[in-house]
Amino acid sequence: MRETTTVFVSNAFIRALALAGRGDDALAVCCQMSETGLSFDRFTYTYALKACVVGSGSGEMKGKEIHGSLLRRGFERNLHIATTLIDFYAKFGLVSCAGKVFDEMPVRNVVSWSAMIGCLAKNGRPFEALELFWEMMVGNPDEVPNSVTMVSVLQACAALSALGQGKFIHCFVVRRGLDSILPVNNSLVTMYSKCGDLEMARRVFDRMDRRDVVSWNSMISGYGVHGFAEEAIMVFKEMINDGRVSPNAVTFISLLGACSHSGLVDEGKRLFYSMVPEYHIYPSSEHYAGLVDILGRAGRLEEAMKVIEDMRIEPGSTVWGSLLGACRIHCNIEFAERASVRLFELEPTNAGNYVLLADIYAEAKMWEEVNRVKKLLEARGLQKVSGCSWIEVKGKIYSFVSVDELNPQIEQLHALLVKFSLEMKEKGYVPDTKAILYELDEVGKEEIVLGHSEKLAVAFGLINSSAGETIRITKNLRLCQDCHSVTKFISQFTNREILVRDVNRFHHFKNGLCSCGDYW
DNA sequence: GTAGGGTTAG
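Residues numbered from 1 in each chain as written. Chains lettered and ligands numbered in written order. Predicted model: local features only at pLDDT ≥ 70, side-chain atom pairs only at ≥ 80, totals over all residues. Heavy atoms only, no water.

Draft legend 1. Spatial organisation of the overall build of chain A. Within chain A, the secondary structure is distributed over 26 helices and six strands. Radius of gyration (C-alpha) of chain A: 25 Å, near the 24 Å computed for a compact globule of 520 residues. The proportion of buried residues among the 520 residues of chain A is 49%. A separation threshold of at least 6 residues defines the contact pool for chain A, and within that pool the share at least 24 residues apart is 63%. Just so you have it, chain A exposes about 25,100 Å², and 54% of that area is on carbon and sulfur atoms. (Helix = DSSP H or I, 4+ residues; strand = E, 2+ residues; numbered from the N terminus. Rg over C-alpha atoms; globule rule 2.2 N^0.38 Å. Buried < 20%, exposed > 50% of the residue type's maximum accessible area, 1.4 Å probe, protein only. Contact = heavy atoms within 4.5 Å. Areas by Shrake-Rupley, 256 points an atom, 1.4 Å probe, with all protein chains shown as cover.)

Structure, rendered in C-alpha coordinates:
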(Lines give C-alpha, C1' and ligand atoms only; values in the text may rest on other atoms or scores of the structure.)
Protein backbone atom coordinates (compact mmCIF):
# COMPACT_ATOMS: atom_id res chain seq x y z
CA MET A 1 0.00 0.00 0.00
CA ARG A 2 1.10 3.52 -0.64
CA GLU A 3 2.07 5.46 2.48
CA THR A 4 -0.67 8.05 2.06
CA THR A 5 -3.28 5.30 2.03
CA THR A 6 -1.82 3.74 5.15
CA VAL A 7 -1.77 7.07 6.98
CA PHE A 8 -5.35 7.67 5.95
CA VAL A 9 -6.43 4.34 7.37
CA SER A 10 -4.53 4.89 10.61
CA ASN A 11 -6.07 8.33 10.95
CA ALA A 12 -9.56 6.92 10.59
CA PHE A 13 -8.77 4.31 13.21
CA ILE A 14 -7.31 6.83 15.69
CA ARG A 15 -10.24 9.15 15.12
CA ALA A 16 -12.79 6.42 15.75
CA LEU A 17 -11.08 5.30 18.96
CA ALA A 18 -10.76 8.85 20.25
CA LEU A 19 -14.42 9.56 19.46
CA ALA A 20 -15.41 6.43 21.35
CA GLY A 21 -13.56 7.73 24.40
CA ARG A 22 -10.82 5.14 24.05
CA GLY A 23 -7.96 7.62 24.11
CA ASP A 24 -5.37 5.15 25.37
CA ASP A 25 -6.09 2.72 22.55
CA ALA A 26 -5.95 5.58 20.05
CA LEU A 27 -2.55 6.61 21.37
CA ALA A 28 -1.37 3.01 21.13
CA VAL A 29 -2.17 3.12 17.43
CA CYS A 30 -0.16 6.34 17.20
CA CYS A 31 2.80 4.54 18.75
CA GLN A 32 2.45 1.70 16.26
CA MET A 33 2.55 4.24 13.44
CA SER A 34 5.80 5.67 14.74
CA GLU A 35 7.30 2.22 15.20
CA THR A 36 6.50 1.22 11.62
CA GLY A 37 8.06 4.41 10.36
CA LEU A 38 4.83 6.09 9.28
CA SER A 39 4.94 9.81 9.92
CA PHE A 40 1.97 11.78 11.20
CA ASP A 41 0.22 14.20 8.88
CA ARG A 42 -1.85 17.21 9.89
CA PHE A 43 -4.91 15.06 10.52
CA THR A 44 -3.07 12.56 12.69
CA TYR A 45 -1.93 15.37 14.98
CA THR A 46 -5.43 16.68 15.65
CA TYR A 47 -6.83 13.22 16.32
CA ALA A 48 -3.89 12.32 18.55
CA LEU A 49 -4.35 15.47 20.64
CA LYS A 50 -8.04 14.66 21.04
CA ALA A 51 -7.06 11.19 22.21
CA CYS A 52 -4.87 12.73 24.92
CA VAL A 53 -7.87 14.60 26.29
CA VAL A 54 -10.18 11.58 26.48
CA GLY A 55 -7.50 9.13 27.64
CA SER A 56 -7.11 7.94 31.21
CA GLY A 57 -3.80 8.97 32.67
CA SER A 58 -0.77 10.54 31.12
CA GLY A 59 -2.60 12.55 28.45
CA GLU A 60 -0.99 15.78 29.50
CA MET A 61 2.53 14.47 29.03
CA LYS A 62 1.71 12.65 25.81
CA GLY A 63 0.10 15.76 24.40
CA LYS A 64 3.14 17.85 25.19
CA GLU A 65 5.29 15.29 23.39
CA ILE A 66 2.99 15.49 20.41
CA HIS A 67 3.23 19.26 20.54
CA GLY A 68 7.02 18.98 20.47
CA SER A 69 6.89 16.67 17.51
CA LEU A 70 4.53 18.79 15.44
CA LEU A 71 6.53 21.88 16.33
CA ARG A 72 9.67 20.28 14.89
CA ARG A 73 7.81 19.61 11.68
CA GLY A 74 6.42 23.12 11.39
CA PHE A 75 2.76 22.24 11.95
CA GLU A 76 2.17 24.69 14.77
CA ARG A 77 1.18 27.44 12.38
CA ASN A 78 -1.62 25.31 10.91
CA LEU A 79 -4.95 26.85 11.89
CA HIS A 80 -6.72 23.61 12.81
CA ILE A 81 -3.77 22.14 14.65
CA ALA A 82 -3.14 25.31 16.65
CA THR A 83 -6.81 25.46 17.63
CA THR A 84 -6.74 21.84 18.71
CA LEU A 85 -3.62 22.58 20.76
CA ILE A 86 -5.37 25.48 22.49
CA ASP A 87 -8.24 23.21 23.37
CA PHE A 88 -5.90 20.46 24.54
CA TYR A 89 -4.11 22.86 26.93
CA ALA A 90 -7.45 24.32 28.02
CA LYS A 91 -8.72 20.89 29.06
CA PHE A 92 -5.65 20.38 31.26
CA GLY A 93 -5.91 23.86 32.75
CA LEU A 94 -2.63 24.99 31.18
CA VAL A 95 -3.82 28.47 30.29
CA SER A 96 -0.44 30.03 29.63
CA CYS A 97 0.53 27.22 27.23
CA ALA A 98 -2.72 27.76 25.36
CA GLY A 99 -2.10 31.49 25.32
CA LYS A 100 1.35 31.01 23.88
CA VAL A 101 0.01 28.95 20.98
CA PHE A 102 -2.75 31.50 20.40
CA ASP A 103 -0.35 34.45 20.46
CA GLU A 104 1.95 32.84 17.94
CA MET A 105 -0.74 31.97 15.42
CA PRO A 106 -0.12 33.77 12.13
CA VAL A 107 -3.82 33.67 11.22
CA ARG A 108 -6.84 33.31 13.50
CA ASN A 109 -10.50 32.82 12.82
CA VAL A 110 -13.66 32.74 14.90
CA VAL A 111 -12.99 29.16 15.98
CA SER A 112 -9.52 29.84 17.33
CA TRP A 113 -10.73 33.00 19.08
CA SER A 114 -13.60 31.04 20.62
CA ALA A 115 -11.27 28.27 21.73
CA MET A 116 -9.07 30.75 23.56
CA ILE A 117 -12.01 32.65 25.07
CA GLY A 118 -13.47 29.33 26.22
CA CYS A 119 -10.11 28.32 27.68
CA LEU A 120 -10.01 31.45 29.85
CA ALA A 121 -13.69 31.22 30.83
CA LYS A 122 -13.36 27.63 31.98
CA ASN A 123 -10.13 28.02 33.88
CA GLY A 124 -11.01 30.66 36.39
CA ARG A 125 -10.01 33.65 34.25
CA PRO A 126 -13.40 35.09 33.27
CA PHE A 127 -12.17 38.66 33.32
CA GLU A 128 -9.55 37.91 30.71
CA ALA A 129 -12.11 35.94 28.70
CA LEU A 130 -14.26 39.06 28.39
CA GLU A 131 -11.23 41.19 27.58
CA LEU A 132 -10.29 38.81 24.78
CA PHE A 133 -13.86 38.85 23.49
CA TRP A 134 -13.76 42.64 23.24
CA GLU A 135 -10.37 42.47 21.58
CA MET A 136 -11.91 40.16 18.99
CA MET A 137 -14.89 42.46 18.48
CA VAL A 138 -12.94 45.68 18.25
CA GLY A 139 -9.74 44.60 16.56
CA ASN A 140 -11.10 41.99 14.15
CA PRO A 141 -14.29 43.16 12.48
CA ASP A 142 -14.03 40.32 9.97
CA GLU A 143 -14.40 37.64 12.61
CA VAL A 144 -18.05 37.58 13.60
CA PRO A 145 -18.71 35.81 16.90
CA ASN A 146 -21.17 32.96 16.62
CA SER A 147 -23.26 30.92 19.04
CA VAL A 148 -20.28 28.96 20.32
CA THR A 149 -18.42 32.17 21.10
CA MET A 150 -21.45 33.54 22.92
CA VAL A 151 -21.77 30.48 25.13
CA SER A 152 -18.23 30.97 26.47
CA VAL A 153 -18.74 34.69 26.87
CA LEU A 154 -21.96 34.13 28.82
CA GLN A 155 -20.13 31.62 30.97
CA ALA A 156 -17.57 34.30 31.80
CA CYS A 157 -20.33 36.79 32.68
CA ALA A 158 -21.88 34.17 34.95
CA ALA A 159 -18.59 33.49 36.71
CA LEU A 160 -18.11 37.21 37.32
CA SER A 161 -21.75 37.88 38.27
CA ALA A 162 -21.50 40.61 35.67
CA LEU A 163 -25.22 41.22 35.16
CA GLY A 164 -24.77 44.42 33.16
CA GLN A 165 -22.36 42.80 30.76
CA GLY A 166 -24.54 39.70 30.61
CA LYS A 167 -27.58 41.75 29.62
CA PHE A 168 -25.53 43.47 26.96
CA ILE A 169 -24.49 40.10 25.56
CA HIS A 170 -28.13 38.95 25.69
CA CYS A 171 -29.11 41.93 23.50
CA PHE A 172 -26.28 41.11 21.16
CA VAL A 173 -27.47 37.49 20.98
CA VAL A 174 -30.98 38.64 20.05
CA ARG A 175 -29.73 41.10 17.44
CA ARG A 176 -27.65 38.40 15.81
CA GLY A 177 -30.57 35.98 15.80
CA LEU A 178 -28.76 33.50 18.04
CA ASP A 179 -31.57 33.39 20.61
CA SER A 180 -33.16 30.28 19.16
CA ILE A 181 -30.05 28.17 19.70
CA LEU A 182 -30.45 25.76 22.56
CA PRO A 183 -26.99 25.94 24.21
CA VAL A 184 -27.11 29.74 23.99
CA ASN A 185 -30.42 29.81 25.84
CA ASN A 186 -29.13 27.34 28.40
CA SER A 187 -26.15 29.60 29.01
CA LEU A 188 -28.49 32.59 29.34
CA VAL A 189 -30.52 30.80 32.00
CA THR A 190 -27.34 30.03 33.94
CA MET A 191 -25.93 33.51 33.42
CA TYR A 192 -29.05 35.24 34.77
CA SER A 193 -29.35 32.91 37.70
CA LYS A 194 -25.68 33.24 38.67
CA CYS A 195 -25.91 37.01 38.29
CA GLY A 196 -28.76 37.01 40.79
CA ASP A 197 -31.62 37.73 38.39
CA LEU A 198 -33.74 34.63 38.84
CA GLU A 199 -36.81 36.23 37.24
CA MET A 200 -34.97 36.79 33.97
CA ALA A 201 -33.58 33.25 34.13
CA ARG A 202 -37.12 31.95 34.40
CA ARG A 203 -38.33 34.21 31.62
CA VAL A 204 -35.68 32.91 29.22
CA PHE A 205 -36.46 29.35 30.30
CA ASP A 206 -40.22 29.80 29.78
CA ARG A 207 -39.75 31.25 26.32
CA MET A 208 -37.59 28.39 25.07
CA ASP A 209 -39.34 26.37 22.38
CA ARG A 210 -37.16 23.36 22.99
CA ARG A 211 -35.51 22.20 26.20
CA ASP A 212 -32.94 19.52 26.82
CA VAL A 213 -31.78 18.05 30.10
CA VAL A 214 -29.25 20.88 30.50
CA SER A 215 -32.04 23.47 30.28
CA TRP A 216 -34.02 21.76 33.02
CA ASN A 217 -30.96 21.22 35.20
CA SER A 218 -29.93 24.85 34.82
CA MET A 219 -33.32 26.07 36.03
CA ILE A 220 -33.41 23.57 38.89
CA SER A 221 -29.97 24.50 40.13
CA GLY A 222 -30.83 28.20 39.74
CA TYR A 223 -33.74 27.87 42.14
CA GLY A 224 -31.60 25.72 44.39
CA VAL A 225 -28.72 28.17 44.90
CA HIS A 226 -31.20 30.97 45.52
CA GLY A 227 -32.71 28.94 48.35
CA PHE A 228 -36.00 28.07 46.63
CA ALA A 229 -36.04 24.30 46.99
CA GLU A 230 -39.81 24.01 46.56
CA GLU A 231 -39.61 25.75 43.20
CA ALA A 232 -36.65 23.58 42.20
CA ILE A 233 -38.68 20.48 42.97
CA MET A 234 -41.67 21.90 41.09
CA VAL A 235 -39.52 22.39 37.99
CA PHE A 236 -38.29 18.81 38.40
CA LYS A 237 -41.90 17.59 38.52
CA GLU A 238 -42.72 19.64 35.42
CA MET A 239 -39.79 17.96 33.73
CA ILE A 240 -41.07 14.51 34.64
CA ASN A 241 -44.65 15.32 33.62
CA ASP A 242 -43.46 16.81 30.34
CA GLY A 243 -41.82 13.47 29.68
CA ARG A 244 -39.74 14.47 26.68
CA VAL A 245 -36.49 14.59 28.64
CA SER A 246 -35.26 12.18 31.31
CA PRO A 247 -33.42 13.41 34.37
CA ASN A 248 -29.75 12.53 34.64
CA ALA A 249 -27.10 12.42 37.36
CA VAL A 250 -26.67 16.19 37.33
CA THR A 251 -30.42 16.70 37.85
CA PHE A 252 -30.15 14.92 41.18
CA ILE A 253 -26.98 16.68 42.24
CA SER A 254 -28.84 19.96 41.68
CA LEU A 255 -31.96 18.77 43.51
CA LEU A 256 -30.00 17.51 46.51
CA GLY A 257 -28.11 20.80 46.61
CA ALA A 258 -31.43 22.67 46.56
CA CYS A 259 -32.76 20.64 49.50
CA SER A 260 -29.56 21.21 51.41
CA HIS A 261 -29.66 25.01 50.96
CA SER A 262 -33.24 25.10 52.18
CA GLY A 263 -32.96 22.51 54.92
CA LEU A 264 -35.49 20.13 53.35
CA VAL A 265 -34.16 16.97 54.96
CA ASP A 266 -36.99 14.52 54.36
CA GLU A 267 -37.60 15.65 50.80
CA GLY A 268 -33.88 15.35 50.07
CA LYS A 269 -33.71 11.84 51.48
CA ARG A 270 -36.79 10.85 49.52
CA LEU A 271 -35.25 12.14 46.28
CA PHE A 272 -31.95 10.39 46.95
CA TYR A 273 -33.61 7.05 47.61
CA SER A 274 -35.85 7.39 44.54
CA MET A 275 -32.89 7.64 42.18
CA VAL A 276 -32.31 3.94 41.56
CA PRO A 277 -35.84 2.48 41.77
CA GLU A 278 -37.62 5.26 39.87
CA TYR A 279 -35.01 6.64 37.49
CA HIS A 280 -32.31 3.94 37.27
CA ILE A 281 -29.59 6.44 38.14
CA TYR A 282 -26.91 5.05 40.43
CA PRO A 283 -25.66 7.56 43.00
CA SER A 284 -22.08 8.73 42.55
CA SER A 285 -19.85 10.16 45.23
CA GLU A 286 -21.33 13.60 44.46
CA HIS A 287 -24.84 12.37 45.20
CA TYR A 288 -23.72 10.87 48.50
CA ALA A 289 -21.99 14.16 49.24
CA GLY A 290 -25.31 15.90 48.65
CA LEU A 291 -27.10 13.63 51.09
CA VAL A 292 -24.33 13.97 53.68
CA ASP A 293 -24.57 17.73 53.28
CA ILE A 294 -28.34 17.71 53.83
CA LEU A 295 -28.09 15.60 56.97
CA GLY A 296 -24.94 17.28 58.24
CA ARG A 297 -26.21 20.83 57.94
CA ALA A 298 -29.36 19.81 59.76
CA GLY A 299 -27.15 18.63 62.61
CA ARG A 300 -27.78 14.95 61.99
CA LEU A 301 -24.09 14.09 61.92
CA GLU A 302 -24.43 10.54 63.20
CA GLU A 303 -26.87 9.77 60.43
CA ALA A 304 -24.57 11.43 57.88
CA MET A 305 -21.67 9.28 59.12
CA LYS A 306 -23.85 6.18 58.82
CA VAL A 307 -24.58 7.07 55.19
CA ILE A 308 -20.84 7.27 54.49
CA GLU A 309 -20.15 3.96 56.23
CA ASP A 310 -22.87 2.23 54.22
CA MET A 311 -21.79 3.60 50.85
CA ARG A 312 -21.54 1.04 48.07
CA ILE A 313 -18.68 2.94 46.43
CA GLU A 314 -15.50 4.41 47.85
CA PRO A 315 -16.32 7.82 49.37
CA GLY A 316 -14.55 10.56 47.44
CA SER A 317 -13.22 13.86 48.70
CA THR A 318 -16.56 15.60 48.08
CA VAL A 319 -18.23 13.28 50.60
CA TRP A 320 -15.66 13.91 53.33
CA GLY A 321 -15.67 17.59 52.44
CA SER A 322 -19.42 17.77 53.05
CA LEU A 323 -19.01 16.10 56.41
CA LEU A 324 -16.20 18.46 57.38
CA GLY A 325 -18.30 21.47 56.36
CA ALA A 326 -21.15 20.22 58.54
CA CYS A 327 -18.75 19.67 61.44
CA ARG A 328 -17.78 23.29 61.18
CA ILE A 329 -21.37 24.47 61.46
CA HIS A 330 -22.07 22.20 64.42
CA CYS A 331 -18.59 22.26 65.92
CA ASN A 332 -18.11 18.52 66.01
CA ILE A 333 -14.47 17.71 66.69
CA GLU A 334 -14.64 13.94 66.51
CA PHE A 335 -16.12 13.66 63.02
CA ALA A 336 -14.10 16.62 61.81
CA GLU A 337 -10.92 14.74 62.67
CA ARG A 338 -12.13 11.58 60.96
CA ALA A 339 -13.03 13.52 57.82
CA SER A 340 -9.76 15.44 57.82
CA VAL A 341 -7.61 12.33 58.00
CA ARG A 342 -9.22 11.08 54.81
CA LEU A 343 -9.24 14.49 53.12
CA PHE A 344 -5.56 15.14 53.80
CA GLU A 345 -4.84 11.83 52.05
CA LEU A 346 -7.22 12.37 49.15
CA GLU A 347 -6.38 16.00 48.39
CA PRO A 348 -3.26 16.99 50.34
CA THR A 349 -2.89 20.30 48.52
CA ASN A 350 -6.41 21.64 49.12
CA ALA A 351 -5.77 24.45 51.60
CA GLY A 352 -9.49 24.85 52.26
CA ASN A 353 -9.65 21.60 54.22
CA TYR A 354 -6.86 22.64 56.60
CA VAL A 355 -8.51 26.02 57.14
CA LEU A 356 -11.87 24.40 57.90
CA LEU A 357 -10.32 22.11 60.49
CA ALA A 358 -8.42 25.00 62.05
CA ASP A 359 -11.66 27.01 62.18
CA ILE A 360 -13.37 24.16 64.01
CA TYR A 361 -10.53 23.93 66.55
CA ALA A 362 -10.58 27.72 66.96
CA GLU A 363 -14.29 27.70 67.64
CA ALA A 364 -13.64 25.17 70.39
CA LYS A 365 -10.72 27.30 71.63
CA MET A 366 -8.30 24.40 71.07
CA TRP A 367 -5.41 26.70 70.21
CA GLU A 368 -2.67 24.08 70.27
CA GLU A 369 -4.52 22.11 67.65
CA VAL A 370 -5.11 25.26 65.61
CA ASN A 371 -1.38 25.84 65.52
CA ARG A 372 -0.70 22.22 64.67
CA VAL A 373 -2.96 22.44 61.61
CA LYS A 374 -1.50 25.79 60.59
CA LYS A 375 2.01 24.30 60.77
CA LEU A 376 0.85 21.38 58.63
CA LEU A 377 -0.48 23.85 56.08
CA GLU A 378 2.78 25.77 56.01
CA ALA A 379 4.90 22.63 55.94
CA ARG A 380 3.14 21.64 52.74
CA GLY A 381 3.77 25.06 51.25
CA LEU A 382 0.08 25.94 51.05
CA GLN A 383 -1.64 29.22 51.71
CA LYS A 384 -5.08 30.15 52.88
CA VAL A 385 -7.09 31.52 49.96
CA SER A 386 -7.70 35.15 50.79
CA GLY A 387 -11.18 36.61 50.69
CA CYS A 388 -12.20 38.67 47.72
CA SER A 389 -15.53 40.33 46.92
CA TRP A 390 -16.63 42.29 43.93
CA ILE A 391 -19.49 44.38 42.65
CA GLU A 392 -20.52 45.64 39.22
CA VAL A 393 -21.33 49.33 38.98
CA LYS A 394 -22.34 50.75 35.59
CA GLY A 395 -20.92 47.74 33.76
CA LYS A 396 -17.57 47.95 35.51
CA ILE A 397 -16.32 45.44 38.08
CA TYR A 398 -14.82 46.72 41.32
CA SER A 399 -13.11 44.18 43.53
CA PHE A 400 -12.03 44.28 47.15
CA VAL A 401 -9.74 42.20 49.29
CA SER A 402 -9.79 42.10 53.06
CA VAL A 403 -8.23 45.10 54.76
CA ASP A 404 -7.78 46.65 51.35
CA GLU A 405 -5.13 49.26 52.08
CA LEU A 406 -4.43 49.99 48.45
CA ASN A 407 -8.03 50.85 47.67
CA PRO A 408 -8.35 54.56 46.86
CA GLN A 409 -11.67 54.86 48.65
CA ILE A 410 -10.69 52.88 51.72
CA GLU A 411 -11.00 55.83 54.14
CA GLN A 412 -14.52 56.59 53.06
CA LEU A 413 -15.61 52.94 53.12
CA HIS A 414 -14.04 52.37 56.49
CA ALA A 415 -15.72 55.45 57.97
CA LEU A 416 -19.12 54.26 56.81
CA LEU A 417 -18.55 50.81 58.28
CA VAL A 418 -17.40 52.25 61.61
CA LYS A 419 -20.59 54.28 61.71
CA PHE A 420 -22.70 51.16 61.15
CA SER A 421 -20.68 49.23 63.67
CA LEU A 422 -21.32 51.82 66.39
CA GLU A 423 -25.04 51.90 65.67
CA MET A 424 -25.17 48.13 65.78
CA LYS A 425 -23.31 47.91 69.05
CA GLU A 426 -25.96 50.13 70.62
CA LYS A 427 -28.46 47.49 69.57
CA GLY A 428 -26.46 44.70 71.12
CA TYR A 429 -24.18 43.63 68.29
CA VAL A 430 -20.99 41.92 69.33
CA PRO A 431 -18.44 41.46 66.53
CA ASP A 432 -17.82 37.80 65.81
CA THR A 433 -14.06 37.41 65.56
CA LYS A 434 -13.85 33.64 65.89
CA ALA A 435 -12.72 33.24 62.31
CA ILE A 436 -9.40 34.90 63.07
CA LEU A 437 -6.85 32.19 63.67
CA TYR A 438 -3.98 34.09 65.20
CA GLU A 439 -3.44 35.85 68.46
CA LEU A 440 -4.43 39.46 68.56
CA ASP A 441 -6.24 41.65 71.05
CA GLU A 442 -9.99 41.96 70.60
CA VAL A 443 -9.82 45.52 69.25
CA GLY A 444 -7.38 44.44 66.57
CA LYS A 445 -9.58 41.50 65.64
CA GLU A 446 -12.64 43.73 65.37
CA GLU A 447 -10.71 46.01 63.08
CA ILE A 448 -9.90 43.08 60.81
CA VAL A 449 -13.42 41.66 60.54
CA LEU A 450 -14.71 45.17 59.88
CA GLY A 451 -12.30 45.28 56.95
CA HIS A 452 -13.56 42.02 55.39
CA SER A 453 -13.86 42.32 51.64
CA GLU A 454 -17.59 41.70 51.65
CA LYS A 455 -18.28 44.62 53.97
CA LEU A 456 -16.10 46.90 51.86
CA ALA A 457 -18.07 45.87 48.78
CA VAL A 458 -21.38 46.55 50.55
CA ALA A 459 -20.18 49.98 51.64
CA PHE A 460 -19.01 50.70 48.10
CA GLY A 461 -22.35 49.55 46.74
CA LEU A 462 -24.24 51.86 49.11
CA ILE A 463 -22.15 54.86 48.12
CA ASN A 464 -22.36 54.17 44.41
CA SER A 465 -26.02 53.31 43.90
CA SER A 466 -29.36 54.95 44.37
CA ALA A 467 -32.14 54.11 46.81
CA GLY A 468 -34.35 51.25 45.71
CA GLU A 469 -31.60 49.62 43.67
CA THR A 470 -30.60 46.12 44.76
CA ILE A 471 -26.95 45.84 45.70
CA ARG A 472 -25.40 42.69 44.19
CA ILE A 473 -22.17 41.36 45.58
CA THR A 474 -20.14 38.25 44.84
CA LYS A 475 -17.61 36.62 47.10
CA ASN A 476 -15.06 33.88 46.43
CA LEU A 477 -15.49 32.16 49.83
CA ARG A 478 -18.27 31.26 52.19
CA LEU A 479 -19.78 34.27 53.93
CA CYS A 480 -18.43 34.66 57.46
CA GLN A 481 -20.71 34.85 60.46
CA ASP A 482 -19.89 38.45 61.19
CA CYS A 483 -20.38 39.66 57.62
CA HIS A 484 -23.70 37.86 57.60
CA SER A 485 -25.03 39.61 60.70
CA VAL A 486 -23.66 43.00 59.69
CA THR A 487 -25.23 42.76 56.23
CA LYS A 488 -28.56 41.85 57.78
CA PHE A 489 -28.36 44.95 59.92
CA ILE A 490 -27.34 47.20 57.04
CA SER A 491 -30.26 45.96 54.93
CA GLN A 492 -32.63 47.09 57.65
CA PHE A 493 -30.86 50.27 58.62
CA THR A 494 -30.57 51.55 55.05
CA ASN A 495 -33.78 49.94 53.85
CA ARG A 496 -31.96 48.33 50.94
CA GLU A 497 -32.02 44.88 49.38
CA ILE A 498 -28.60 43.31 49.30
CA LEU A 499 -27.95 40.18 47.29
CA VAL A 500 -24.76 38.31 48.07
CA ARG A 501 -23.57 35.31 46.11
CA ASP A 502 -20.99 33.39 48.13
CA VAL A 503 -19.08 30.37 46.89
CA ASN A 504 -22.05 28.08 47.58
CA ARG A 505 -25.28 29.99 47.32
CA PHE A 506 -27.18 33.29 47.31
CA HIS A 507 -28.19 35.30 50.34
CA HIS A 508 -31.04 37.81 49.90
CA PHE A 509 -30.81 40.37 52.68
CA LYS A 510 -33.94 42.41 53.26
CA ASN A 511 -35.44 44.17 56.30
CA GLY A 512 -32.80 42.75 58.60
CA LEU A 513 -33.39 39.15 57.54
CA CYS A 514 -31.62 36.77 55.18
CA SER A 515 -33.28 34.32 52.80
CA CYS A 516 -30.99 31.55 54.02
CA GLY A 517 -32.69 31.75 57.41
CA ASP A 518 -29.22 31.90 58.97
CA TYR A 519 -28.73 28.36 57.81
CA TRP A 520 -25.85 28.21 55.31
C1' DG B 1 -11.11 10.79 1.40
C1' DT B 2 -10.19 12.81 7.11
C1' DA B 3 -9.75 18.70 10.77
C1' DG B 4 -10.67 23.00 15.10
C1' DG B 5 -14.25 26.04 19.54
C1' DG B 6 -20.02 25.41 23.19
C1' DT B 7 -24.43 24.69 27.73
C1' DT B 8 -26.02 21.91 33.54
C1' DA B 9 -23.28 20.11 39.17
C1' DG B 10 -19.18 20.32 42.54
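Draft legend 2. Representation of the protein's contact with DNA strand B within the structure. By nearness alone, 40 residues border DNA strand B, and F8, K50, S114, N186 and N217 come closest of all. Among all atoms of DNA strand B positioned within 4 Å of the protein, those belonging to sugar or phosphate total 44%. Between DNA strand B and the protein, one listed contact pairs a base nitrogen with a side-chain N or O atom of R42 at 3.4 Å. Take N217: an N or O atom from its side chain is 2.6 Å from a base oxygen of DNA strand B. When residues of the surface near DNA strand B are traced back to their parent elements, those giving at least two are α1 (3-19), α3 (42-54), α5 (79-91), α7 (110-122), α9 (147-160), α11 (182-194), α13 (213-225) and α15 (249-262). Here the surface near DNA strand B gets six residues from one element, more than from any other, and that element is α5. Of the residues in the surface near DNA strand B, the class split is 14 nonpolar, 18 polar and eight charged. (Near = heavy atom within 4 Å. Polar contact = N/O pair within 3.5 Å; in protein donor to acceptor, adjacent residues only side chain to side chain. Nonpolar A, V, L, I, M, F, W, Y, C, P; charged D, E, K, R; others polar.)

Draft legend 3. Spotlight on the packing of aromatic side chains. On inspection of all chains with the given rule, the structure shows 19 aromatic pairs. Here F252 and Y279 contribute two aromatic rings whose centre-to-centre distance is 5.4 Å and whose plane-to-plane angle is 50°, an arrangement assigned as tilted. A residue pair is termed long-range when its members are at least 10 positions apart, and F252 in helix α15 and Y279 in helix α16 (residues 265-279) qualify at 27 residues. Members of the aromatic cluster, each reached through a chain of ring pairs, are F133, W134, F168 and F172. Lying over the aromatic face of W113, R108 brings its terminal NZ or CZ to 5.6 Å of the ring centre. Its guanidinium or amino end placed over the ring of W216, R211 lies 5.3 Å from that ring's centre, counting from NZ or CZ. (Phe/Tyr/Trp six-rings, centres within 6.5 Å; stacked < 30°, edge-to-face > 60°. Lys NZ or Arg CZ within 6 Å of the ring centre and 35° of its normal.)

Draft legend 4. Expanded view of helix α4 (residues 59-72). When the terminal C-alpha atoms of α4 are compared, their 20 Å separation across 14 residues agrees well with the 20 Å that a helix rising 1.5 Å per residue should span. Looking only at α4, the buried set comprises G59, G63, I66, H67 and L70. An end-on view of α4 places all buried positions within 105° of arc, on one side of the element. Residues of α4 that are exposed and point more than 90 degrees away from the buried face comprise M61, E65 and R72. Its buried side turned inward, α4 meets α2 (23-35), α3, α5 and α6 (95-103). Looking at the residues trailing α4, positive phi occurs at G74, about 75°. (Expected span 1.5 Å × (residues − 1). Arc of directions from axis to C-beta.)

Draft legend 5. Spotlight on empty space enclosed by the protein. With the rule as written, the count across this model stands at two cavities of 30 Å³ or more. The volume enclosed by the largest cavity comes to roughly 30 Å³. One number sums up the size of the second largest cavity: a volume of about 30 Å³. Considering the residues around the second largest cavity, the lining is formed by H261, R297, D502, N504, R505 and W520. For the lining of the second largest cavity, a count of residues per class yields one nonpolar, two polar and three charged. (1 Å grid on protein atoms, 1.4 Å probe; cavity = no way out; pocket = protein on both sides within 12 Å on 5 of 7 lines; lining within 4 Å. Points joined across faces, edges and corners; volume = space filled by probe spheres on them.)

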